[in-house]
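Fold and contact review
Here are the chains, one letter per residue:
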Amino acid sequence: MSAIKKKYVEVGTQAQKSGTIILDEDPVLLSEVVVTAKPQLTREADRYSFKVANTSIVKGNNTWGVLKLTPFLQVNDHTGITLVGKGNPIVYINGRKSKLNGETLQQYLKSMPAENIDKIEIMTTLNSSFRADVSGGAINIVLRKNENEGAKGTLSLTDQQMKDKNSQTGNAFLKLQEEQSGSDSQCVRTALRAPPGI
């Protein structure tokens, strides 16, 4: 793809009348043009839909990071996910309730690449298909495509060294998905926890 690069030639000074401005054509070869869209928030019958596919907020980001930028949500590493004015929402992925919560859900969402997300649906008022005792609303993370069959996981290790003690902790997360049955199982284990002072 080629484009025209314009060269401006300054003629005269500010005190003088401007002379003729000359433009020279200079073809430049572009290797790639990337078009990105802006995230769009739309109102549907029973939910808000935050379309993020092919936007700048998903590039190099993870799902947890995108939730931090999602309207109606307050997300941080200490308090988790809060739906403004409602409390802690139920989290669904492709319409299926996540079996994870708390820190394990946070680690899982941090391991999920944001490029896989199509949109995030925010339901502030739940319809009759949800349990009556749920008051925190719900969010549904809609993925662009189903993840391939197989195992995926993350491993995190933390080492704190203080003046009088050391503390090591670790967490491992493993997700198995069977494409034929459409089912998945999730497993979170503490990989390492050494007592302080070692």
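Residues numbered from 1 in each chain as written. Predicted model: local features only at pLDDT ≥ 70, side-chain atom pairs only at ≥ 80, totals over all residues. Heavy atoms only, no water.

Broken down by element type, the chain carries two helices and 15 strands. Of all 198 residues assigned to the chain, the portion counted as buried reaches 29%. Restricting to contacts in the chain with at least 6 residues of sequence separation, those with at least 24 account for 52%. Just so you have it, the chain exposes about 13500 Å², and 50% of that area is on carbon and sulfur atoms. (Helix = DSSP H or I, 4+ residues; strand = E, 2+ residues; numbered from the N terminus. Buried < 20%, exposed > 50% of the residue type's maximum accessible area, 1.4 Å probe, protein only. Contact = heavy atoms within 4.5 Å. Areas by Shrake-Rupley, 256 points an atom, 1.4 Å probe, with all protein chains shown as cover.)

A few words now on the sheet that holds strand β9 (residues 90-93). In spatial order, the strands read β5-β6-β11-β12-β9-β10; together these six strands make up an open sheet with mixed pairing. The outermost strands of the open sheet, each flanked by one partner alone, are β5 (40-43) and β10 (96-97). (Pairing = 2+ DSSP bridges.)

Turning our eyes to something else, we now look at the pattern of salt bridges. Evaluation of the coordinates by the stated rule reveals five salt bridges. A salt bridge links arginine 47 to aspartate 46; its shortest N-O distance comes to 3.0 Å. Residue arginine 47 is classed as buried on the basis of its relative accessible area of 17%. For aspartate 46, a relative accessible area of 27% puts it in the partly exposed group. Across the salt bridge formed by arginine 47 and glutamate 121, the nearest N and O atoms sit 2.8 Å from each other. Taken as a pair, arginine 47 in the loop between β5 and β6 (48-51) and glutamate 121 in strand β11 (residues 117-123) lie far apart in primary sequence, 74 residues in all. Residue arginine 47 shares its accessibility class with glutamate 121, and that shared class is buried. Overlapping salt bridges, with partners in common, bring together Asp46, Arg47, Lys119 and Glu121 in one network. (Salt bridge = Lys/Arg side-chain N within 4 Å of Asp/Glu carboxyl O.)

When pLDDT is averaged along the chain, the result is 75, and 61% of the positions lie at 70 or above. Looking over the chain, one finds the lowest element-wise mean pLDDT in strand β15 (residues 183-194), namely 46, and the highest in helix α1 (residues 63-68), namely 96. Within the model, pLDDT remains below 50 along residues 179-194, and this stretch shows 43 contacts once partners closer than five positions in the same chain are excluded. (pLDDT = per-residue confidence, 0-100.)

Ranked by size, the top nonpolar core spans 25 residues in total, and within it Val66, Leu67, Ile81, Leu109 and Ile117 carry the most contacts. Those elements that place two or more of their residues in this core are α1, β7 (73-76), β8 (80-83), β9, α2 (102-111), β11 and β12 (138-143). When near neighbours in sequence (up to four residues on either side) are disregarded, leucine 109 contacts Asn62, Thr63, Trp64, Leu67, Ile81 and Ile141. (Core = buried A, V, L, I, M, F, W, Y, C linked by side-chain atoms within 4.5 Å.)

Let us now look at unusual backbone geometry. Although it is not a glycine, phenylalanine 72 adopts a positive phi angle of roughly 75°. Following the sequence through the fold, phenylalanine 72 ends up in the loop between α1 and β7. Among the residues examined, phenylalanine 72 registers a relative accessible area of 32% and is labelled partly exposed.

Of all the positions in α2, only Leu105, Gln106, Tyr108 and Leu109 are classed as buried. Burial along α2 is one-sided: seen end-on, the buried residues are contained in an arc of 165°. (Arc of directions from axis to C-beta.)

One pass over the structure, following the stated rule, counts one aromatic pair. Its end group placed over the ring of tyrosine 48, arginine 43 keeps NZ or CZ at 4.7 Å from the ring centre. (Phe/Tyr/Trp six-rings, centres within 6.5 Å; stacked < 30°, edge-to-face > 60°. Lys NZ or Arg CZ within 6 Å of the ring centre and 35° of its normal.)

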